[in-house]
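Here is what each chain is made of, one letter per residue.
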Amino acid sequence: MNTSTAIKFVAALTLCFLALSANALQIEPRSSWGAVAARSPSRINGPVDYVIIHHSDNPNGCSTSDQCKRMIKNIQSDHKGRRNFSDIGYNFIIAGDGKVYEGRGFGLQGSHAPNYNRKSIGIVFIGNFERTAPSAQMLQNAKDLIELAKQRGHLKDNYTLFGHRQTKATSCPGDALYNEIKTWPHWRQN
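Predicted model, so just to flag it, every value in this text is computed and none were measured. (Residues numbered from 1 in each chain as written. Predicted model: local features only at pLDDT ≥ 70, side-chain atom pairs only at ≥ 80, totals over all residues. Heavy atoms only, no water.)

Taken as a whole, this structure holds one disulfide when the rule is applied. In this model Cys62 forms its disulfide with Cys68; the gap between the sulfur atoms is 2.0 Å. On the sign convention where negative means left-handed, the S-S torsion of about 100° between Cys62 and Cys68 marks this disulfide as right-handed. The pair Cys62 / Cys68 is uniform in exposure class, with both members buried. (Disulfide = S-S within 2.5 Å. Buried < 20%, exposed > 50% of the residue type's maximum accessible area, 1.4 Å probe, protein only.)

A few words now on the sheet that holds strand β2 (residues 48–55). If you trace the six strands from one edge of the open sheet to the other, you get β1-β4-β3-β5-β2-β6, paired in mixed fashion. The open sheet has two free edges, formed respectively by β1 (27–28) and β6 (155–163), since each of these has just one partner strand. Where β2 meets strand β5 (residues 120–125), six bridges bridge the pair, whose relative direction is parallel. Directly across from Tyr50, in β5, lies its bridge partner Ser120. (Pairing = 2+ DSSP bridges. Helix = DSSP H or I, 4+ residues; strand = E, 2+ residues; numbered from the N terminus.)

This part is about the nonpolar core. Counting residues in each nonpolar core, the largest one holds 28 residues, and the members touching the most others are Ile123, Phe125 and Leu161. Mapped by element, the contributors of at least two residues to this core are β2, β3 (92–94), β5, α3 (136–151), β6 and α4 (175–181). A per-element tally of this core places α3 first, with seven residues. Contact partners of Leu161, with chain neighbours within four places excluded, come to Val51, Ile53, Ile146, Gln166, Ile181, Trp184, His186, Trp187 and Arg188. The next biggest cluster of nonpolar side chains, apart from the first, holds 13 residues, and it includes Met71, Ile88, Ala95 and Tyr101. (Core = buried A, V, L, I, M, F, W, Y, C linked by side-chain atoms within 4.5 Å. Contact = heavy atoms within 4.5 Å.)

As a further point, take α3. Note: α-helices contain 3.6 residues per turn, so residues at a spacing of three or four share the same orientation. An ideal rise of 1.5 Å per residue puts 22 Å on 16 residues; α3 measures up with 22 Å between its terminal C-alpha atoms. Within α3, burial applies to Met138, Leu139, Asn141, Ala142, Asp144, Leu145, Ile146, Leu148 and Ala149. Looking at the residues trailing α3, positive phi occurs at Gly153, about 80°. (Expected span 1.5 Å × (residues − 1).)

Looking now at the environment of His164. Take His164: it is sitting in the loop between β6 and α4. Distance in space between the C-alpha atoms of His164 and Ile53 is 5.7 Å, their sequence separation being 111 residues. The contacts of His164, once residues within four sequence positions are left out, are Ile52, Ile53, His54, His112, Ala113, Thr170, Cys172 and Pro173. Side-chain polar atoms of His164 contact the backbone oxygen of His112, separated by 3.1 Å. (Polar contact = N/O pair within 3.5 Å; in protein donor to acceptor, adjacent residues only side chain to side chain.)

A word on empty space enclosed by the protein. Per the counting criterion, the structure on display carries two cavities of 30 Å³ or more. For the largest cavity, the calculated volume is near 70 Å³. Taken together, Ile44, Gly46, Val48, Asn91, Gly105, Phe106, Gly107, Leu108, Ser120, Ile121 and His154 form the lining of the largest cavity. Within the lining of the largest cavity, the residues separate by chemical class into five nonpolar, six polar and no charged. Contributing to the lining of the second largest cavity are Ala38, Pro41, Ser42, Ser86, Asp87, Arg104, Leu108 and Gln109. In the lining of the second largest cavity, the residues fall into three nonpolar, three polar and two charged. (1 Å grid on protein atoms, 1.4 Å probe; cavity = no way out; pocket = protein on both sides within 12 Å on 5 of 7 lines; lining within 4 Å. Points joined across faces, edges and corners; volume = space filled by probe spheres on them. Nonpolar A, V, L, I, M, F, W, Y, C, P; charged D, E, K, R; others polar.)

Below you can see the structure in the form of structure tokens.
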């Protein structure tokens, strides 16, 4: 095998690995956590420019599927009730039970970051990540979700990653999580 063929082989293998990694990600549908139907959802056409990372600021997070589903349901109730959103504000939820849950999902406008909702995917990590970062599994799930969004054409290849605090005055997504995402390749200072 010559050098050119070997390089092509390694490149093809790497692409297959990345595709398998993102395709292996299981996203729990809205029905799994008992989502209430959204009021007049707004579609987003084409890939978006941003991923915005949040934390739910729940002090203890969740570690079992039952706990996580209950917390997600409570977040939706708060967003639709007190905040008068049409649905849960986030597109996806990264939970401490090792799962990714569909919030609004791909292709729908969120309510999570003023001035960015129409051009972003909002991802929330359940828990408070002021002092401690999320688990390695939660972080990997978020990375795999972002890769999946690119593969499915919902996110531009040259997207920008922000923490919620970069879009408005807030401490979200917590110092520990914010410091973590600052090491990811698409994070940018604004």
